[in-house]
Amino acid sequence: MPESDKTSDILPSVVNAMRNEEQSLPVMLDTAASQDYLLSVVVPMFNEEHVAPECMRRLKDVVEKMNCRYELIFINDGSKDRTLEALIKNKADNPHIRIINFSRNFGHQIAITAGLDHAQGDAVVIIDGDLQDPPELIPKLVEKWRQGAEIVHARRKTREGESRFKKLTAKFYYRLLKEISDVEIPVDVGDFRLLSKRAAQSFAQLRERHRYVRGLVAWLGFKQDFVDYDRQARYAGATHYPFLRMLRFSLDGISSFSILPLRLASMLGLLCALAGALYAIYALYIKYISKTAVLGWTSIIMVVLFVGGIQLICLGIVGEYVGILHDEIKRRPLYLIDDIY
Ligand code: UDP
Ligand code: MG
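Residues numbered from 1 in each chain as written. Chains lettered and ligands numbered in written order. Predicted model: local features only at pLDDT ≥ 70, side-chain atom pairs only at ≥ 80, totals over all residues. Heavy atoms only, no water.

### A closer look at the side chain of His108
Now for step 1: Structurally, His108 can be placed in helix 5 (residues 108-118).
Now for step 2: Of note is the side chain of His108, whose polar atom sits 3.0 Å from the side chain of Tyr241.
Now for step 3: Setting aside anything within four residues of it in sequence, one finds His108 in contact with Pro44, Asp77, Asp128, Asp191 and Tyr241. (Helix = DSSP H or I, 4+ residues; strand = E, 2+ residues; numbered from the N terminus. Polar contact = N/O pair within 3.5 Å; in protein donor to acceptor, adjacent residues only side chain to side chain. Contact = heavy atoms within 4.5 Å.)

### Some points on the coordination of the magnesium ion (ligand 2)
In an ideal octahedron of six donors the angles at the metal are 90 or 180 degrees, and in an ideal tetrahedron of four donors they are 109.5 degrees.
Now for step 1: Here the magnesium ion (ligand 2) is held by the protein donor atoms Asp130 (OD) and Gln132 (OE1), which lie 1.9 to 2.0 Å from it. Comparing Asp130 with Gln132, the two get one shared label, buried. (Donors = N, O, S within 2.8 Å, 3.2 Å for Na, K, Ca; no water. Buried < 20%, exposed > 50% of the residue type's maximum accessible area, 1.4 Å probe, protein only.)

### As for the packing of helix 10 (residues 243-257) against helix 12 (residues 297-329)
Now for step 1: Across the interface, helix 10 lies against helix 12 with an axial gap of 11 Å and an inter-helix angle of 85 degrees. When the axis of helix 10 is compared with that of helix 12, the two are roughly perpendicular. Where helix 10 abuts helix 12, its residues Arg248, Leu251, Ile254 and Ser255 lie against Glu320, Tyr321 and Ile324.
Now for step 2: A class-by-class count of the residues in the contact of helix 10 with helix 12 yields 4 nonpolar, 1 polar and 2 charged. (Axes fitted to C-alpha atoms, helices over the stretch in contact; angles between N-to-C directions. Parallel < 35°, antiparallel > 145°, perpendicular 65-115°, else oblique. Nonpolar A, V, L, I, M, F, W, Y, C, P; charged D, E, K, R; others polar.)

### Things to note about the sheet that holds strand 8 (residues 337-340)
Now for step 1: The strand order across the open sheet built from 8 strands is 7-5-6-4-1-2-3-8, with neighbouring strands paired in mixed fashion. The open sheet has two free edges, formed respectively by strand 7 (224-231) and strand 8, since each of these has just one partner strand. Each strand of the sheet is rotated relative to its neighbour by a mean of 20 degrees, with strand direction disregarded.
Now for step 2: In terms of strand pairing, strand 5 (residues 151-159) meets strand 7 through 8 bridges, oriented parallel. Considered in strand 7, the bridge of Ala154 is made with Val227. (Pairing = 2+ DSSP bridges.)

### Topic: a nonpolar patch on the surface
Now for step 1: A contiguous nonpolar surface patch, about 520 Å² in accessible area, is contributed by Phe165, Phe243, Leu244, Leu247 and Leu251.
Now for step 2: The greatest single-element share of the nonpolar patch, amounting to 4 residues, is contributed by helix 10.
Now for step 3: By secondary structure assignment, the location of Leu251 is in helix 10. (Patch = residues over 30% accessible without salt bridge, like charges linked within 9 Å, V, L, I, M, F, W, Y side chains within 5 Å. Areas by Shrake-Rupley, 256 points an atom, 1.4 Å probe, with all protein chains shown as cover. Salt bridge = Lys/Arg side-chain N within 4 Å of Asp/Glu carboxyl O.)

### Considerations on the site of ligand 1
Now for step 1: Looking at ligand 1, there are 19 residues lining it, with Glu48, Asp77, Asp130, Thr239 and His240 nearest.
Now for step 2: Asp77 has a polar side-chain atom sitting 2.6 Å from a nitrogen atom of ligand 1.
Now for step 3: One of the backbone N or O atoms of His108 is found 3.3 Å from a nitrogen atom in ligand 1.
Now for step 4: A total of 530 Å² of accessible area belongs to ligand 1 in isolation, and the protein chains cover 96% of it. (Near = heavy atom within 4 Å.)

Structure (structure tokens):
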């Protein structure tokens, strides 16, 4: 059990009181300015056996030079390969490294959440485990935090090693989401970022299952800042976001932060009803005035197909949101932990 957990077992009321004090008196907290702060780094890992050793080595190199206390939290998200073994082997009794082993694969966004739940740092950095986000950028994120930002996003200037299609759709998607969402979600920002303790604790209160972490972080507010970087290609292995999973993830982003699609559905419905009414008038005209009623089979079929199509789309959109309600209402825990090393 880590040192700080023991403390909270012995003195829970004192620790809670301190936490409450921190929450209500943020201005008096000056951890960011002092050298003596605890830096947590949260790293989700899914089938990364070939990257894990290099990732741990580079992260350790960076944080050990930073002249602060640190903890590295790796979340093994139900890997099917030997990621867990690689992590345990490279931990090598280092007390600053913790490995949270999930009972199965719960997904990238949930793995990040578990890391944030367990991080105790004054500043918490979230970073992908495939080395697409360079650990060497962490000092820059910390610097912005020390200058007063509560949330520091690493913003992708370029994306190496990713297909043209992914880059193009990502660019379009981020901008669309920004336009239609109810909170201001920054563009070209992934999950590589730093959260102050206060921001991390606030984030931990958001327990929705369909989580789009970058949107939730934007929802938190607080003072936010950016550091630009060039996104690298993966160190090894392949992306775990093939097209369909990426689509699912993107839809989560939209449905979690915008009801515009629902509105669009009702607007389309209205439009259809209007067109239907106009067509009814036209039909009456054909029957009673021009008296050529048998004509018009093509147009009827077209209208039926068009209206039917729109109805199905609207049903689908409503279904998306109903599906989310169905998932959320079960109130299952977000993840289960098999073991912590
Ligand atoms: N990941 C995870 N669980 C998953 C899928 C991915 O923990 O179900 C981790 C993965 O190991 C990596 C990070 O999340 O460290 C980002 O995943 P990936 O590189 O596949 O996404 P991409 O960078 O291609 O968007
Ligand atoms: Mg990646």
